[in-house]
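Take a look at the letters that make up each chain.
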Amino acid sequence: NTSSTYLIPVSTDFAATLGYRMSDRSTIGIGMSYRVGWGEPVRHIRLSNQGIGFRSYLDVQIKGSFYASGGFEENYENAFRSLNQITAEHLWKPSGLIGISKVISLKGKLVKKTKVQLFWDMLSHSGTPWTSPVVFRVGYSL
């Protein structure tokens with residue numbers, strides 16, 4: 001593994017989700033995530049596959065732009081060179097997330113909304129090694 005610097009991250013997570021609006025106040029959906037590794041800082045940038053995941057979610061509006069959010073995920077958090085490597089079931093980590101989301105509207109031409117999420121992972125201590133039960137995410141809608 002490579003260590004990060006203050007300016008260049010070791011990896012970046014990308015996710016795409018597809019939701020169905022059940023009512024004016026609730027949305028249910030599915031999605032997929034991908035973690036790309038950047039290699040060593042500046043002079044030795046090398047892209048690599050560092051993880052993949054599948055997720056489901058439910059958002060229910062509480063008040064204004066605040067939502068109660070939850071979902072279930074399965075994440076493969078190991079480096080891989082081909083999709084054949086991700087078939088080992090014991091290497092997939094489940095997450096049961098529950099928390100709160102805040103949607104912030106933006107007036108940009110490309111990004112329309114930002115979603116800030118804070119979750120508690122109810123399954124964080126179910127596997128080995130244990131992971132942090134707190135999950136913080138920032139997402140952008142086009």
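As a starting point, this report considers the structure included with it.

Quick look at the overall build of the protein chain now. For the protein chain, the helix and strand inventory stands at zero helices and seven strands. Going from N to C terminus, the protein chain has its helices and strands arranged as β-β-β-β-β-β-β. Within the protein chain, the proportion of its 142 residues that are buried is 25%. Restricting the contact set of the protein chain to residue pairs at least 6 apart, pairs at least 24 apart contribute 44%. For the protein chain, the exposed surface amounts to about 10200 Å²; the carbon and sulfur share of it is 61%.

Here we take up the nonpolar core. Soluble globular proteins: nonpolar side chains tend toward being buried together. Grouped together as the largest cluster of nonpolar side chains are five residues: I52, Y76, F80, I86 and W92. Filtering out sequence-adjacent residues up to four positions away, Y76 remains in contact with Q50, G51, I52, Q85, I86, L91 and W92.

With that out of the way, let us pick up the sheet that holds strand β6 (residues 113–121). Within the open sheet, the seven strands sit side by side as β1-β2-β3-β4-β5-β6-β7. Their pairing is antiparallel. Both outer strands of the open sheet, β1 (11–21) and β7 (134–141), are each paired with one neighbouring strand and no more. Along the sheet, successive strands turn relative to each other by an average axial angle of 25 degrees, direction set aside.

Analysis parameters
Residues numbered from 1 in each chain as written. Predicted model: local features only at pLDDT ≥ 70, side-chain atom pairs only at ≥ 80, totals over all residues. Heavy atoms only, no water. Helix = DSSP H or I, 4+ residues; strand = E, 2+ residues; numbered from the N terminus. Buried < 20%, exposed > 50% of the residue type's maximum accessible area, 1.4 Å probe, protein only. Contact = heavy atoms within 4.5 Å. Areas by Shrake-Rupley, 256 points an atom, 1.4 Å probe, with all protein chains shown as cover. Core = buried A, V, L, I, M, F, W, Y, C linked by side-chain atoms within 4.5 Å. Pairing = 2+ DSSP bridges. Axes fitted to C-alpha atoms, helices over the stretch in contact; angles between N-to-C directions.

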